[in-house]
Amino acid sequence: MRKIFKNRFSKPKTSLFICIILRILTVISLFIEFGSGNIKNGVLCIVVLIIFTLPSILYKSFGLVLPDAMETAIYVFIFSSAILGEINNFYGLLPFWDTVLHVLSGFVLAGVGFSLARLMNGRKQKLRMSALYIALTGICFSLTAGLLWEFFEFTCDNWLRTDMQKDKVIKNISSVELNGKNENEPLKIDDITRTEIYFKNGERYTVEGGYLDTGLNDTMKDLSVNFIGAVIFCTAGFYHMKNRGKYEFVNCFIPVKKEEYCQ
């Protein structure tokens with residue numbers, strides 16, 4: 001057992017090196033953003049630097065030790081979503097960027113939920129959870145975290161007038177509102193080529209290529225790929241618990257209590 005933990009939590013850790021590099025890049029971005037007068041992005045850089053301390057907080061406050069692979073994945077995800085995605089517009093430059101990050105977040109968050117359920121399992125005599133129950137708990141934890149993030153994006157978009165729920169141009173819609181007959185029968189509109197938006201002051205904006213969906217498709221896509229990432233991890237976790245050692249990589253994404261690590 002000690003040998004396994006030594007491999008998973010060996011020092012110096014790759015995550016430590018990655019964290020130092022990403023912190024340096026974030027600090028550089030911080031100075032660039034404040035220097036150019038972009039206060040919002042500068043504050044975002046500060047938030048990222050604070051979130052980078054999460055593994056240390058988990059260790060000091062809850063006694064959780066993160067495996068090297070999981071800690072590295074957390075650092076890369078935070079940097080990729082905030083610094084690369086938001087500040088450097090990777091979300092706009094690379095259409096797949098958001099999808100990849102949500103799959104990764106679903107995978108990692110499932111590992112957190114899976115490990116929390118496994119840590120509680122057997123602590124009390126009456127608490128005996130099956131491998132299937134623990135796997136489902138991991139999936140539910142990941143989906144709940146993903147849903148709370150979508151709530152956060154929706155709140156920011158409506159209160160702060162941001163666009164975290166990225167708009168998407170679509171060509172087909174079905175709408176009861178456009179039926180015009182007060183009937184619960186959707187009007188199907190296909191092959192939309194452009195949408196005209198008229199402002200109160202008389203100005204007009206044209207959306208070329210279709211109809212502008214304001215976030216719904218993005219939200220549902222994010223939750224769907226989050227679910228896929230969670231299912232991938234928890235399926236492997238389930239078979240790992242049922243067949244000890246068959247999917248050893250699962251341990252690389254499961255935090256342990258420091259008492260277990262020190263054994």
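Conventions used here
- Residues numbered from 1 in each chain as written.
- Predicted model: local features only at pLDDT ≥ 70, side-chain atom pairs only at ≥ 80, totals over all residues.
- Heavy atoms only, no water.
- Helix = DSSP H or I, 4+ residues; strand = E, 2+ residues; numbered from the N terminus.
- Buried < 20%, exposed > 50% of the residue type's maximum accessible area, 1.4 Å probe, protein only.
- Polar contact = N/O pair within 3.5 Å; in protein donor to acceptor, adjacent residues only side chain to side chain.
- 1 Å grid on protein atoms, 1.4 Å probe; cavity = no way out; pocket = protein on both sides within 12 Å on 5 of 7 lines; lining within 4 Å.
- Points joined across faces, edges and corners; volume = space filled by probe spheres on them.
- Nonpolar A, V, L, I, M, F, W, Y, C, P; charged D, E, K, R; others polar.
- Expected span 1.5 Å × (residues − 1).
- Contact = heavy atoms within 4.5 Å.

Undergrad: Describe the environment of Thr-155, and please don't skip the residues or the numbers.
TA: Looking at the element boundaries, Thr-155 is found in helix 8 (residues 131–159). Note on Thr-155: relative accessible area 31%, which makes it partly exposed. Sequence separation between Thr-155 and Gln-165 is 10 residues; the distance between their C-alpha atoms is 10.0 Å. For Thr-155, the side chain forms a polar contact with the main-chain oxygen of Phe-151, separated by 2.8 Å.

Undergrad: Tell me about the layout of surface pockets, and name the residues and values.
TA: Its volume calculated, the largest pocket comes out at about 1400 Å³. In this structure, the largest pocket is lined by 44 residues; those nearest its centre are Ile-51, Phe-77, Ile-78, Ser-81 and Trp-149. Elements with a contribution of two residues or more to the lining of the largest pocket: helix 3 (39–51), helix 4 (54–62), helix 5 (68–87), helix 7 (97–120), helix 8 and helix 9 (216–242). Examining the composition of the lining of the largest pocket, we find that nine residues originate from one element, helix 7, more than from any other. Looking at side-chain class alone, the lining of the largest pocket contains 30 nonpolar, seven polar and seven charged residues.

Undergrad: I'd like to hear about helix 8, residue by residue, with values.
TA: Turn by turn, an α-helix covers 3.6 residues, leaving residues three or four places apart pointing in a common direction. The terminal C-alpha atoms of helix 8 lie 42 Å apart, and with 29 residues this matches the ideal 42 Å at 1.5 Å per residue to within 8%. Turning to helix 8, its buried residues are Ala-131, Ile-134, Ala-135, Gly-138, Ile-139, Ser-142, Gly-146, Glu-150, Glu-153, Cys-156 and Asp-157. Looking at the buried side of helix 8, the elements it contacts are helix 7 and helix 9. Count one or two residues on from helix 8 and you reach Arg-161, which has phi positive near 60°.

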